[in-house]
Amino acid sequence: MESRAQMACLPRLRPKRFYDIVVQVAIIRPGPIVGQMVNPFLLRRQGREEVTYPHPSLEPVLARTLECRSSEQLLRITMIAANFSGGEAEDLRPTTMASKRYASRMRDIETKLRPV
């Protein structure tokens, strides 16, 4: 809660329980900010925007963050939607996907995601 962005978000969030602060810390990060998840989360939290889930099986994963995704939730979504193991889902982290060292591994993952 030391960054200016975190402190500036607190009055808008109006946390009611500790987990609200946990979610705020998770979404006030470069990935969620670039992915434009902060404002939708705040609007949904205030009841000004409806929460919708891409599929009913993902509701348990996304309900606590009002359908705004953190990197950990993306791993869990991959495990549910693509039936990946934890290790396979871990290979989909952005640092792995962006690395040229993992190009062959990403081809293997793509093959698994696109069955013939």
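*Asks:* What am I meant to see in the environment of Arg107 here?
*Replies:* For Arg107, the position within the fold is in helix α9 (residues 103-113). Linking Arg107 and Ser70, residues 37 residues apart in sequence, is a C-alpha distance of 24 Å.

*Asks:* I would appreciate a short explanation of helix α2 (residues 18-27) in the present structure.
*Replies:* Structural remark: α-helix, 3.6 residues per turn; residues separated by three or four positions point the same way. Those residues of α2 that sit buried are Asp20, Val23, Gln24 and Ile27. Relative to the axis of α2, the buried residues are bounded by an arc of 100° and lie together on one face.

*Asks:* Even after reading the chapter, I still don't get unusual backbone geometry, so can you show me in this structure?
*Replies:* Note: most peptide bonds trans; most residues except glycine with negative phi. For Arg14, which is not glycine, the phi dihedral falls at a positive 50°. Structurally, the position occupied by Arg14 is in the loop between α1 (4-13) and α2. Even without glycine at this site, Leu66 takes up a positive phi of about 55°. Note on placement: Leu66 falls in the loop between α5 (59-62) and α6 (71-81).

*Asks:* Please clarify how the packing of aromatic side chains should be interpreted in this entry.
*Replies:* Geometry of an aromatic ring pair is reported as the spacing of the ring centres plus the angle between the planes. The full count for this structure, using the stated rule, is zero aromatic pairs. Positioned over the ring face of Tyr19 is Arg64, at 3.6 Å from the centre of the ring.

*Asks:* Just to check I follow, could you spell out the side chain of Glu67 for this structure?
*Replies:* Mapped onto the elements of the fold, Glu67 is located in the loop between α5 and α6. Overall, the relative accessible area of 9% leaves Glu67 in the buried class. Polar side-chain contacts of Glu67 include one of 2.3 Å to the side chain of Arg69. Those residues in contact with Glu67 that lie beyond four places of it in its chain are Arg44, Val51, Thr52, Tyr53, Pro54 and Leu62.

*Asks:* Would you mind going over the environment of Tyr19 with me for this structure?
*Replies:* Take Tyr19: it is sitting in helix α2. On the basis of relative accessibility, which here comes to 29%, the residue Tyr19 falls in the partly exposed class. Taking C-alpha positions, Tyr19 is 9.5 Å from Thr65, a pair spaced 46 residues apart along the chain.

*Asks:* So what exactly am I meant to see when it comes to the layout of surface pockets here?
*Replies:* Where empty space is left in the structure can be found by rolling a water-sized probe over the atoms. Taken as a whole, the second largest pocket encloses approximately 160 Å³ of empty space. As for the second largest pocket, its lining consists of Arg17, Tyr19, Asp20, Val23, Phe41, Arg45, Ala63, Arg64 and Leu66. Among the elements of the structure, α2 and α4 (38-45) are those that each provide at least two residues to the lining of the second largest pocket. Looking at which element gives the most residues to the lining of the second largest pocket, the answer is α2, with three residues. The residue makeup of the lining of the second largest pocket, split by class, is five nonpolar, no polar and four charged.

Each value, and the rule that gives it
- Residues numbered from 1 in each chain as written.
- Predicted model: local features only at pLDDT ≥ 70, side-chain atom pairs only at ≥ 80, totals over all residues.
- Heavy atoms only, no water.
- Helix = DSSP H or I, 4+ residues; strand = E, 2+ residues; numbered from the N terminus.
- Buried < 20%, exposed > 50% of the residue type's maximum accessible area, 1.4 Å probe, protein only.
- Arc of directions from axis to C-beta.
- Phe/Tyr/Trp six-rings, centres within 6.5 Å; stacked < 30°, edge-to-face > 60°.
- Lys NZ or Arg CZ within 6 Å of the ring centre and 35° of its normal.
- Polar contact = N/O pair within 3.5 Å; in protein donor to acceptor, adjacent residues only side chain to side chain.
- Contact = heavy atoms within 4.5 Å.
- 1 Å grid on protein atoms, 1.4 Å probe; cavity = no way out; pocket = protein on both sides within 12 Å on 5 of 7 lines; lining within 4 Å.
- Points joined across faces, edges and corners; volume = space filled by probe spheres on them.
- Nonpolar A, V, L, I, M, F, W, Y, C, P; charged D, E, K, R; others polar.

By themselves these figures say nothing about function.
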